[in-house]
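These are the residues of each chain, in order.
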Amino acid sequence: MAAAEKAQRYEAFVSDVLQRDLSVTPGVSGGFWGPQDAAAPLHTQVDLGCNFFVSAEVPDPRRVFVALGFGFFAELTLPEALRHLERRSSLLQR
């Protein structure tokens, strides 16, 4: 099997199977999942680039950095970050 054909098969698998599965996974689309208590560790997904996400744990989520775009980040409390993500999500859905 040629390398180009193999790459096309992987791309098709990612777009047809993995992205579909990710879209129906509860909690992943919002960015944060897990306990919302500020004292408990925060479980989240981090984009490493090219929509490749890994699971991450923030041991003390009282303050988190949120990517604003164009290389800018804001240090926010967890409730502020969740409000920001909800507003951003609603704008993107419109």
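The rules behind these values
Numbers given to residues run from 1 along each chain, matching the order in which its sequence is written. Restriction of local features to residues with pLDDT of at least 70 applies here, the model being predicted, together with a cutoff of 80 or more for giving and counting side-chain atom pairs; totals for whole chains, interfaces and linings are based on all residues. Hydrogens and water are ignored here; the side-chain numbers use all heavy atoms of the structure. Only buried residues count toward a nonpolar core, which is a set of Ala, Val, Leu, Ile, Met, Phe, Trp, Tyr and Cys residues joined through side-chain atoms within 4.5 Å. Relative accessibility decides the category of a residue: with a 1.4 Å probe and only protein chains considered, values under 20% of the type maximum give buried, values over 50% give exposed, and everything between is partly exposed. The numbering of helices and of strands both runs from the N terminus, where a helix is a DSSP run of H or I of at least 4 residues and a strand a run of E of at least 2. Paired strands are those between which DSSP finds at least two bridges. The predictor attaches a confidence to each residue, called pLDDT, with possible values from 0 through 100. Whether two residues touch is decided by their heavy atoms; if any such pair falls within 4.5 Å, the residues are in contact.

A. How the structure looks around the nonpolar core. If you look at the biggest cluster of nonpolar residues, it comprises seven residues: Leu-42, Val-64, Val-66, Ala-74, Leu-76, Leu-78 and Ala-81. Contributing elements (two or more residues each) for this core: strand E4 (63-69), strand E5 (72-77) and helix H2 (78-93).

B. A look at the pairing of strand E3 (residues 53-58). When strand E2 (residues 42-47) meets E3, the two strands line up antiparallel, connected through six bridges. Opposite Leu-42, over in E3, you have Val-58 as the bridge partner. Here E2 folds back onto E3, and the loop between the two strands holds five residues, one of which, Gly-49, carries a positive phi near 125 degrees.

C. Geometry of the confidence of the model for the protein chain. Mean pLDDT over the protein chain: 76, with 76% of residues reaching 70 or higher. The spread of mean pLDDT over the elements of the protein chain runs between strand E1 (residues 32-33), the lowest at 48, and E5, the highest at 89. Long-range and interchain partners of residues 26-30, a stretch whose pLDDT sits below 50, account for five contacts in this model, where long-range means more than four residues apart.

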